[in-house]
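# Examination of the molecular architecture
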Amino acid sequence: MAILSATRGNDMLDMRAIVMQVEGDEALVQPLSTGGCGHCDSEGGCGSGTLTKLFCSSKPRHFKVRNEARATVGDEVLISVADGVLLRGALKMYVLPLIMLLVGGAVAAGLASDAVGRDAYAVAGALFGLILGFILAKLSPGTGQPVVLSIVTPRSGI
């Protein structure tokens, strides 16, 4: 079962998840799987699952999404993310701070009056630029929120 798959015709990425909590028009969901193809442990797999285990938390991830389908706790749902949202979010959170780091370092190095202090100015300017880049990324408008499109499996009566 593919977890993320491009849906043809409406430019969306889809993912299955379980609703963990509902608050008003939003739901807290947990994706059903962490891998893309499901062959992480098999021989001949690409090994990205091993890297994920090394560098990422093993705790289940939870995401807030708009609950347009009015799903309830325990429902298996289909989450949809508009095409381009992931790319815009990555650009905002990674590229903007990186650019600010480089600009801050260059500007600060240019302000140094002597060659000896230029490196210290560049490091301080780069750190200031990086922090400013993260602040700007955090304060900038969102790129779009995932949406619960449909209920795949209603909650079973326990």
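This is a predicted model, so every value here is computed, not measured.

Here the focus is the packing of helix H2 (residues 85–111) against helix H3 (residues 115–139). At a minimum axis distance of 6 Å, the contact between H2 and H3 shows a crossing angle of 150°. By the angle class used here, H2 and H3 are roughly antiparallel. Our pair here, H2 against H3, has a crossing hand that is right-handed. On H3, the residues that touch Lys92, Met93, Leu96, Pro97, Met100, Leu101, Gly104, Gly105, Ala108 and Ala109 of H2 are Arg118, Tyr121, Ala122, Gly125, Ala126, Gly129, Leu130, Leu132, Gly133, Phe134, Leu136 and Ala137. Classifying every residue of the contact of H2 with H3 by side-chain character gives 15 nonpolar, five polar and two charged.

Membership of the largest hydrophobic core is limited to ten residues, which are Met15, Ala17, Val19, Ala27, Val29, Val65, Ala71, Val77, Ile79 and Val148. When contributions to this core are tallied by element, the ones reaching two or more residues are strand S2 (12–23), strand S3 (26–31) and strand S5 (76–82). With three residues, S2 is the single largest residue contributor to this core. Setting aside residues no more than four positions away along its own chain, Val29 makes contact with Ala17, Ile18, Val19, Met20, Arg61, His62, Phe63, Val65, Val77 and Ile79.

Moving on to the side chain of Glu76. Mapped onto the elements of the fold, Glu76 is located in strand S5. Glu76 gets classed as buried once you look at its relative accessible area, which sits at 16%. In this structure the side chain of Glu76 is engaged in a polar contact, spanning 2.8 Å, whose partner is the side chain of Arg16. Every residue in contact with Glu76, bar those within four places of it in the chain, is listed here: Arg16, Ala17, Ile18, Leu32, Ile151, Val152 and Thr153.

Turning next to H3. Compared with the 36 Å implied by 1.5 Å per residue over 25 residues, the 36 Å span of H3 between its first and last C-alpha is a close match. Elements that come into contact with the buried residues of H3 comprise H2. If you check the start of H3, you find a side-chain oxygen 3.3 Å away from the backbone N of Gly117, and it comes from Asp114.

What follows deals with the side chain of Asp75. Its place among the elements puts Asp75 in the loop between strand S4 (63–66) and S5. At 2.8 Å, the side chain of Asp75 and the backbone nitrogen of Thr72 are in polar contact.

Conventions adopted
- Residues numbered from 1 in each chain as written.
- Predicted model: local features only at pLDDT ≥ 70, side-chain atom pairs only at ≥ 80, totals over all residues.
- Heavy atoms only, no water.
- Axes fitted to C-alpha atoms, helices over the stretch in contact; angles between N-to-C directions.
- Helix = DSSP H or I, 4+ residues; strand = E, 2+ residues; numbered from the N terminus.
- Parallel < 35°, antiparallel > 145°, perpendicular 65-115°, else oblique.
- Left-handed = near helix turned anticlockwise from the far one by under 90°.
- Contact = heavy atoms within 4.5 Å.
- Nonpolar A, V, L, I, M, F, W, Y, C, P; charged D, E, K, R; others polar.
- Core = buried A, V, L, I, M, F, W, Y, C linked by side-chain atoms within 4.5 Å.
- Buried < 20%, exposed > 50% of the residue type's maximum accessible area, 1.4 Å probe, protein only.
- Polar contact = N/O pair within 3.5 Å; in protein donor to acceptor, adjacent residues only side chain to side chain.
- Expected span 1.5 Å × (residues − 1).

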